[in-house]
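Listed here are the chains, written in short residue letters.
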Amino acid sequence: MPYKIYTYTDPYRIAETDFWEEIKSYPHFCAARTLVNGLISVMRDEIVSLMCPLDDIVNEKVFSAWSKDIGVRIQQYSVLTDLYKKWSVANKLGDNYYSALNHNKSAMLDSLRLFIELGVDPEVLDAKKLNMEHRMFVYMLKLLKNVELFKIPAMPSISELKQIVNKQAEDERAEKERLHDDGTNSEFLQKDLELIDRMIRTTKNWDGMHVVIHGIHQFTPLQLRFIEHLNQLGVEIIFLYNYVPEYKEIYSSWTYIYQQFDAPIHHDQNIKAYVPVGQFQKIGNAIATNI
């Protein structure tokens, strides 16, 4: 299913855009917790479905065994230790060289994990003209290709994705309660819980076929894997981000990133300019405009 890309000019008036009614009931996976909190504080009653950081879904749920399980990383580290010893014996490395390799083992593991996350096939890498460290990297990447410990976890089906998203909605409530377990701000807490309970109810009825990915400026390899998988499942992915057309040079990096998805960009036609009013009329706005 093709991607959709929507942009809005005024971050305080997203609910007035010409696409809000279409997307408000879909789960919103955001760039960071800061964006989630900001949207909730500004939009309040207009929010009806789950809003959470994308990485809470990707790293904490879908790829948790790969991203968060320290035991897995320790086992991977141990595998590298054994490979280093075999490499050292086979290539008659000196003690100093072997010690230097061991000293940078964590960096080597990070590099291997990155290539695995990117899905780079080690067979396409030509190691003939590489130095010793790089040849060792390619050698290990090839050896680990079929090692279960170094395989990315299986991706979820639609039904499993629904379970993940519903679990995230429940986790949002639990986290809110945890932050206020001392009983402070009980009135504000109750209002927030009412909002989250609305999210939970809507999310339970989610059909699993549409998601909004909001404000991502740089995609990690695991995020891209997740997005590509959703696309393969037939899930409609709507990218949403802030964009002010008259400052296209400032937003050029966003344009570059999202053109990779080969989808037309729809700019909201209801609010075509950002005109801060009232409490949002700050000196910083005038500075930015003049710049």
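All values reported here derive from a predicted model rather than from experimental measurement.

1. What about the packing of aromatic side chains?
So, step 1. All chains considered together, the criterion is met by 15 aromatic pairs.
So, step 2. Between the aromatic rings of Tyr3 and Phe239, the centroid separation amounts to 5.6 Å while the plane-to-plane angle is 40°, which identifies the pairing as tilted. Residue Tyr3 is found in the segment before strand 1 (4–8), and its partner Phe239 is found in strand 5 (residues 236–242); the two are separated by 236 residues along the sequence.
So, step 3. The exposure class of Phe239 is buried, given its relative accessible area of 0%.
So, step 4. On the basis of an interplanar angle of 65° and a centroid distance of 5.3 Å, the ring pair of Phe239 and Tyr258 is categorised as edge-to-face. Remark: Tyr258 occurs in helix 12 (residues 252–258) and Phe239 occurs in strand 5; sequence separation between them is 19 residues.
So, step 5. Aromatic ring contacts, followed pair by pair, group Tyr3, Phe219, Phe239, Tyr241, Trp254, Tyr258 and Phe261 into a single cluster.
So, step 6. It is Arg113 that lies over the ring of Trp66; its NZ or CZ is 4.2 Å from the centre.

2. Observations concerning the sheet that holds strand 5
So, step 1. Strand order in the open sheet made by the six strands is 3-2-4-5-1-6, with parallel pairing throughout. In the strand order of this sheet, the two ends are held by strand 3 (51–53) and strand 6 (265–267), each with one partner. Across the sheet, the mean angle from the axis of one strand to that of its neighbour is 25°, orientation sign disregarded.
So, step 2. Here strand 2 (residues 28–30) pairs with strand 3 via three bridges, running parallel. In the sheet register, Phe29 faces strand 3, and the bridge partner there is Cys52.
So, step 3. Contacting strand 2, strand 3 and strand 4 (210–214), helix 2 (residues 33–43) crosses the sheet at an angle of about 160° to strand 3.
So, step 4. Taken strand by strand, helix 3 (residues 54–62) contacts strand 2, strand 3 and strand 4, and its axis lies near 55° from that of strand 3.

3. What to know about the nonpolar core
So, step 1. Phe29, Phe226, Phe239 and Tyr258 are the most contacted members of the largest nonpolar core, which totals 56 residues.
So, step 2. Looking at this core element by element, the count peaks at five residues for helix 8 (residues 132–143).
So, step 3. Dropping the residues within four chain positions of it, Tyr258 is found in contact with Ile5, Ile216, Phe219, Phe239 and Tyr241.

4. Focus on the pattern of salt bridges
So, step 1. In total, this model carries 17 salt bridges according to the counting rule given.
So, step 2. In this structure, the salt-bridge partner of Arg178 is Glu175, at a minimum N-O distance of 2.7 Å. Taken together, the positions of Arg178 and Glu175, both in helix 9 (residues 158–179) and three residues apart, correspond to about one turn of that helix.
So, step 3. Judged by relative accessible area, Arg178 falls into the partly exposed class, the value being 48%.
So, step 4. Looking at Glu175, the relative accessible area reads 34%, which means it is partly exposed.

5. What to know about helix 7 (residues 105–118)
So, step 1. Across its 14 residues, helix 7 extends 20 Å between first and last C-alpha, which sits within 8% of the 20 Å expected from 1.5 Å per residue.
So, step 2. Buried within helix 7 are the following residues: Lys105, Met108, Leu109, Leu112, Arg113, Ile116 and Glu117.
So, step 3. Remark: Gly119 follows helix 7 within two positions and exhibits a positive phi of approximately 75°.

Here is what the cut-offs are and how they apply
- Residues numbered from 1 in each chain as written.
- Predicted model: local features only at pLDDT ≥ 70, side-chain atom pairs only at ≥ 80, totals over all residues.
- Heavy atoms only, no water.
- Phe/Tyr/Trp six-rings, centres within 6.5 Å; stacked < 30°, edge-to-face > 60°.
- Helix = DSSP H or I, 4+ residues; strand = E, 2+ residues; numbered from the N terminus.
- Buried < 20%, exposed > 50% of the residue type's maximum accessible area, 1.4 Å probe, protein only.
- Lys NZ or Arg CZ within 6 Å of the ring centre and 35° of its normal.
- Pairing = 2+ DSSP bridges.
- Axes fitted to C-alpha atoms, helices over the stretch in contact; angles between N-to-C directions.
- Contact = heavy atoms within 4.5 Å.
- Core = buried A, V, L, I, M, F, W, Y, C linked by side-chain atoms within 4.5 Å.
- Salt bridge = Lys/Arg side-chain N within 4 Å of Asp/Glu carboxyl O.
- Expected span 1.5 Å × (residues − 1).

Geometric descriptors of this kind do not, in isolation, establish any biological role.
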